[in-house]
Amino acid sequence: MTPNAVDVIKAKRDGGRLTDEQIDWVVARYIEGAVAEEQMSALAMAIVLRGMDAAETARWTQAMIDSGDRLDLTVGVDLGGRPLVDKHSTGGVGDKITLPLAPLVAACGAAVPQLSGRGLGHTGGTLDKLESIPGWRATLSTEEMLAQLEDVGAVICAAGAALAPADKKLYALRDVTGTVEAIPLIASSIMSKKIAEGTGALVLDVKVGSGAFMKNLADATELARALVSIGVEHGLRISAVLTDMSVPLGRAVGNAVEVAESIEVLKGGGPADVVELTVALAREMLSLAGLSDVDPAEVLASGKAYETWCRMIAAQGGDPEATLPAAKHVEVVEAVEDGVLIGLDAYAVGVAAWRLGAGRARKEDPVQHAAGVMCLAKPGDTVHKGQPLLELRTDTPELLAAARDALAGGIVIGDAPREPKPLIIDTLRG
Ligand code: URA
């Protein structure tokens, strides 16, 4: 019997398993418009409340891959023996790691196709960050992307509309129906895009903490397991690194400011946490790519990753030497007492940067390239009353009050330092 939308919704609502046929049918018909938005939103909510098991999640992922094209990055392109490897982060505040990581791993001898997205809500998007570089172009044809992969070894560009279109439609629906936070839906959304993109190996950075989707380690571990299991099922070499996102990564949160910080890292400087995570993820990627004898820390120090960055930016029309946009208004947030900074909440800082104009509330909104937050102090630092802790940057001074409100309760000063949380919590390998 052909499935129908109401029966599929009721089956999940009542805690049943969806059959392969029901999953294939509902995803395919949703793309065609035969399953209505209200029906898919009811089904998504039933999945949030009842879950899907591993087999259902794998089938759902396959149905989303099958809704569009699948790139084959091994055909029609001569990568000169470079193994393909990609990285995906579940999203965090100040998470600019893709920017130094892609050229670093390419400089180590792999090919890195990074099809990225834009930010929505309090987490930034890689493309929004790179677009603060004058002339840089996010949209490439498949031919341009492959040519750059062949020539430079790294490409960061927008994922074309034909890759997993069911995910694009469903993600937009989930975003406005309170149905983003379901592990099977998040896992299938991420993996459908990555598998359709055609990489052979994938490292996932699964963020844990206030600034991440997953606020606690148990949920993040469950998401990491779901992601790895889908990858293994599709023949990917895959690992998931669980990393802390309770404080912003590095000092810069925004667009141009994160590009500037990434360039510092590529030139051998930058904040220690950004360098640590970049090198650790590079090591994991190189290991999956069969290049574990290359030391990414050495390659970073040699300046080769910075050279690759310059070529990668220039290949997409950007000027790697250009001056990045600077905000018209800068206001500081000062310490209200003497002590030790013990808390700088990632979510609060992410929302503040977003409200200053660095992020968008709706998909079609523009972002301000120069807006964001600079963290002048980080947890563990001794601070004095009146000392500047944060710099709020924007082109629109009316937004400063909302950013200050977002920070309420997010900055905590105490008498004694707390044991620092490890940045890298665990690694799950497929
Ligand atoms: N990122 C995605 O690509 N999809 C989700 O569902 C959540 C985060």
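Since this is a predicted model, take the numbers as computed values, not measurements.

Digging into the pairing of strand β4 (residues 201-208)
And then number 1: Of all eight residues that make up β4, eight are buried, and the element is covered over most of its length.
And then number 2: Side chains Ala-201, Val-203, Asp-205 and Lys-207 project from β4 onto one buried face, and the interleaved Leu-202, Leu-204, Val-206 and Val-208 project onto a second face that is buried too.
And then number 3: The sheet contact formed by strand β1 (residues 86-89) and β4 spans four bridges and is parallel. Residue pairing in the sheet places Lys-87 in a bridge with Val-203 of β4.

Focus on the domain arrangement of the protein
And then number 1: Annotation of the protein at the domain level lists domain 1 (5-66), domain 2 (86-322) and domain 3 (329-414).
And then number 2: Look at where the C-alpha atoms of domain 2 and domain 3 centre, and you get two points 24 Å apart.
And then number 3: At the junction of the two partners, domain 2 supplies 26 residues and domain 3 supplies 28 residues.
And then number 4: With both chains or domains summed, domain 2 and domain 3 bury close to 1900 Å², and 57% of this area falls on carbon and sulfur atoms.
And then number 5: The largest per-residue losses of area from domain 2 upon contact with domain 3 belong to His-122, Arg-251 and Val-253, which jointly make up 28% of the total buried on that side.
And then number 6: Here Asp-273 ties to Lys-378 by a salt bridge, and the two come within 3.3 Å at their closest N and O atoms.
And then number 7: Summed over the shared surface of domain 2 and domain 3, the result is 13 residue pairs in polar contact (both at pLDDT 80 or more).
And then number 8: At the level of elements, β6 (252-254) and α11 (256-266) are the ones that each hand at least two residues to the side of domain 2 that touches domain 3.
And then number 9: Considering every element that reaches the side of domain 2 that touches domain 3, the biggest residue donor is β6, with three residues.

Section: the pairing of strand β11 (residues 388-394)
And then number 1: Most of β11 is tucked away: five of the seven residues are buried.
And then number 2: Strand direction decides the pairing type here: strand β9 (residues 372-375) and β11, joined by four bridges, are antiparallel. Across the sheet, the residue bridging to Cys-375 is Leu-390, located in β11.

Some words on the site of the ligand
And then number 1: As a matter of local geometry, the ligand sits amid Tyr-171, Arg-174, Ile-186, Ser-189, Ile-190, Lys-193 and Phe-213.
And then number 2: Separating an oxygen atom of the ligand from a side-chain N or O atom of Lys-193 is a distance of 2.5 Å.
And then number 3: Considering the ligand on its own, with 240 Å² of exposed area, one finds that the protein chains cover 91% of that surface.
And then number 4: Of all elements in the fold, only α8 (165-175) and α9 (183-197) reach the threshold of two or more residues within the shell around the ligand.

Re the state of the cysteines
And then number 1: By the definition in use, this model includes zero disulfides.
And then number 2: There is no disulfide at Cys-108, and the cysteine sulfur nearest it, in Cys-310, is 16 Å away.
And then number 3: Relative accessible area serves as the criterion here: at 7%, Cys-108 is assigned to the buried category.
And then number 4: We note that Cys-157 lacks a disulfide partner, and the nearest cysteine sulfur, in Cys-310, lies 19 Å from it.

Section: the sheet that holds strand β8 (residues 339-344)
And then number 1: If you trace the three strands from one edge of the open sheet to the other, you get β10-β8-β12, paired in antiparallel fashion. Among the strands making up the open sheet, the edge pair consists of β10 (382-383) and β12 (411-414).
And then number 2: Sheet topology note: the β8/β10 ladder contains two bridges and is antiparallel. Residue pairing in the sheet places Gly-339 in a bridge with Val-383 of β10.

Quick notes on the rules
Residues numbered from 1 in each chain as written. Predicted model: local features only at pLDDT ≥ 70, side-chain atom pairs only at ≥ 80, totals over all residues. Heavy atoms only, no water. Buried < 20%, exposed > 50% of the residue type's maximum accessible area, 1.4 Å probe, protein only. Helix = DSSP H or I, 4+ residues; strand = E, 2+ residues; numbered from the N terminus. Pairing = 2+ DSSP bridges. Domains from an automatic or database assignment. Contact = heavy atoms within 4.5 Å. Buried area = accessible area lost by both parts, 1.4 Å probe. Salt bridge = Lys/Arg side-chain N within 4 Å of Asp/Glu carboxyl O. Polar contact = N/O pair within 3.5 Å; in protein donor to acceptor, adjacent residues only side chain to side chain. Near = heavy atom within 4 Å. Areas by Shrake-Rupley, 256 points an atom, 1.4 Å probe, with all protein chains shown as cover. Disulfide = S-S within 2.5 Å.

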